Each structure stands twice: as structure tokens, then as C-alpha cells.
Amino acid sequence: MSSKLIVVTGSNKGLGRALVRKLVVESKGPLTIYMTSRDSSKGMSALQEIKSELPTGSKVDLEFYPLDITDKQSIHSFTKHMEKMGTPCIDVMVHNAGVYFKGASDYAHAEKTIRCNYNSTIELNDAIMPLIKSNGRVLFVSSMLGNLSQYPASIREEYLSETLTVDQLNQLQEKFLTSFKEGTLKEKGYPSDSYNVSKTGVTTYCRILAKMYKDDPRHIFFAALHPGWVKTDMGGSEAPLSLEEGIQTQYYLVTEPLQNLKANGLYYSNKAVANP
Ligand SMILES: NC(=O)c1ccc[n+]([C@@H]2O[C@H](COP(=O)([O-])OP(=O)(O)OC[C@H]3O[C@@H](n4cnc5c(N)ncnc54)[C@H](OP(=O)(O)O)[C@@H]3O)[C@@H](O)[C@H]2O)c1
């Protein structure tokens, strides 16, 4: 059996780390998992901790590569490193890295949030798309906080337009930032939290991507997902779900046989398609 390769961004802690751990513990392999994080020492220590749990005789290989998704040079270096393993080489790409500046209500943090969660995720995805293998999967850890029900119909329709392109989606995200800067969020009907808009962007991007690649001979599966509200540094201690509960949907989308995953480009919650 040929070895599979899975990449998880932001896997030094939280949901990313927990997903890698579950894959390591439950997979029979052969499998290589690339853990990535922006801080090498945090990433390497997470790798060592998980490695110590590898069952004897495990056919799972754990690797680490530093990757700051907001740094173009870092994306370039990661992509070049992966290319050495062959083009294509990635079976599953999990875009998990993200930020949430709880309580911050200034423009600088709003912009940082959109740039990291939305623009950088797309930049990284653009770079790695040629590396995705036939029947590969590309997953985006989004959030129900990006749900379209919080927008007025006029904005909702823009995001849901069947003809929306990535360029137009980029413009929609910029429109939010402009409105934030002008102090017109309420009047225009935007949520005040940039995190929500960043995740609306990610979920919408995933849907557009599936359309863009619908005739690609590699038959790539794309999905955005909500993990639930989970106890992590981001989710906080008051969150109802444990890490183990919070990675169920990711784990399902990584491991479920592809013939059971027919809804390409859609948004999943609780292991099922949900309204974006
Ligand atoms: N927890 C929840 O309730 C919840 C709910 C819905 C969606 N989500 C989403 O789930 C994903 C994982 O979140 P989490 O709850 O596990 O949060 P977390 O514990 O704060 O983990 C976030 C991860 O993203 C990494 N990261 C942040 N900026 C990065 C960058 N520029 N480059 C590379 N990595 C970066 C962090 O690295 P550092 O350690 O270096 O900061 C960390 O590894 C996020 O996309 C989040 O939006 C979480």
C-alpha cells in the first residue's frame, strides 16, 4: 500500500495538534503527517510529545516543517520543501491555523485577522494546490461564527452568488475592512467581529474552489467545517466541547471513504453538511 501524506497547519497546539494525535494513535499507516507551526520550538516539542505515543510497530511517520501562513517567504520555503517529495505529494491538506483576538475592537486587529485567517489561508492554498494528489482532500477549519445568517440579505446574496469569483470575494472582504475603517459597520449590516467575516470568507472560498476544480482530473474533495465551540486557547475554558469532541468533524473528513463524501465544496458541522 502506498504511503499517504497529510499536512496540518498550526498543529503545535489546540485542534490541529489534537487531530494529528488522533491520526497517529488510530491510523494503521503507512502514513506521513507533516506538523507545521510558525514557532519551530513549539512545533518540535508537540511533535516529540505525540511521537512518544506512537504504538510500537506503527507505520506512521511524523515530520515537522516551520510554516507561518502570513509570511510569503515561509509559504515559499514550505512549498519548495514539499515539492522535493514529488509533485503531487499531498493526500490531505488541513488549513487549521487561525487567530482570534478576543476583545480587540480596533482596526489593526481586524485587519490582522482578515489577513491571517482569510488572505493567508488562500495564499497558502494557491501555493500547494499543484501538490494535491488525485483523490486528495483540502479542508478548511472555518467556524459557525462566519454564518451568513448574521448578514442582511443584500450582503448574504453577494457571498452566495453562484458566479462569485475569488477576486470578487477578495473585494467583499476588503469592503468589510473599509467599512470598519470608516466606522460604518452597523449601518452597512456587518458584524463587528472581523473573525466572523474572515470565516465567512474561508467557507465561501472553499465553495468557489470546488467549482474551479470541478473538471480537474485529480477529483479533489474540498470542505469547510465548524469544529464546535472547543476548549482551546482560542475557544477558552468556558467552551462546552473537549478537544476529542472538537476534532470529530475534521477526523471524519480526513478519514471517511471518499465515496461517502459527495457534497464537494460545502460546509460541514457535526459530520454533516450544514448551512454556511
Ligand atoms: N476553539 C474553537 O472553539 C473554534 C471554533 C471554531 C473554529 N475554530 C478554528 O479552529 C482552528 C484551530 O483553532 P484552536 O481552537 O485550536 O486555536 P488555538 O489553540 O489558538 O490554535 C491556533 C493555531 O493556529 C496557529 N497560528 C496562528 N497564526 C498562525 C500563523 N500566522 N501561521 C501558522 N500558524 C498560526 C497557532 O500557532 P501559535 O501557537 O504560534 O499561536 C496555533 O497553532 C482555527 O482556525 C480556529 O479559527 C476554533
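Residues numbered from 1 in each chain as written. Predicted model: local features only at pLDDT ≥ 70, side-chain atom pairs only at ≥ 80, totals over all residues. Heavy atoms only, no water.

Draft legend 1. Representation of the environment of isoleucine 69 in the model. With respect to the element layout, isoleucine 69 can be found in the loop between strand S3 (60-66) and helix H3 (72-83). A relative accessible area of 6% means that isoleucine 69 is categorised as buried. Along the chain, isoleucine 69 and threonine 121 lie 52 residues apart, while their C-alpha atoms are 6.7 Å from each other. In this view, isoleucine 69 contacts Ile75, Ala97, Cys116, Ser120, Thr121 and Leu124; residues no more than four positions away in its chain are not counted. (Helix = DSSP H or I, 4+ residues; strand = E, 2+ residues; numbered from the N terminus. Buried < 20%, exposed > 50% of the residue type's maximum accessible area, 1.4 Å probe, protein only. Contact = heavy atoms within 4.5 Å.)

Draft legend 2. A look at the side chain of histidine 95. Its location among the elements puts histidine 95 in strand S4 (residues 90-95). Setting aside residues up to four positions removed in sequence, histidine 95 forms contacts with Thr9, Thr121, Leu124, Asn125, Ile128, Val138, Leu139, Phe140 and Val141.

Draft legend 3. Representation of helix H1 (residues 14-26). Spanning 13 residues, H1 covers 18 Å between terminal C-alpha atoms, matching the ideal 18 Å at 1.5 Å per step. Taken together, the buried positions of H1 are Leu15, Gly16, Arg17, Ala18, Leu19, Val20, Lys22, Leu23 and Val24. (Expected span 1.5 Å × (residues − 1).)

Draft legend 4. Just the packing of H3 against helix H4 (residues 107-128), in detail. Viewed as axis vectors pointing N to C, H3 and H4 meet at an angle of 25 degrees, and their least axial separation amounts to 10 Å. One way to sum up the angle between H3 and H4 is to call them roughly parallel. Of the two possible hands of crossing, H3 and H4 adopt the one that is right-handed. Contacts between H3 and H4 involve Lys72, Ile75, Phe78 and Thr79 from the former and Ser120, Glu123, Leu124, Ala127 and Ile128 from the latter. (Axes fitted to C-alpha atoms, helices over the stretch in contact; angles between N-to-C directions. Parallel < 35°, antiparallel > 145°, perpendicular 65-115°, else oblique. Left-handed = near helix turned anticlockwise from the far one by under 90°.)

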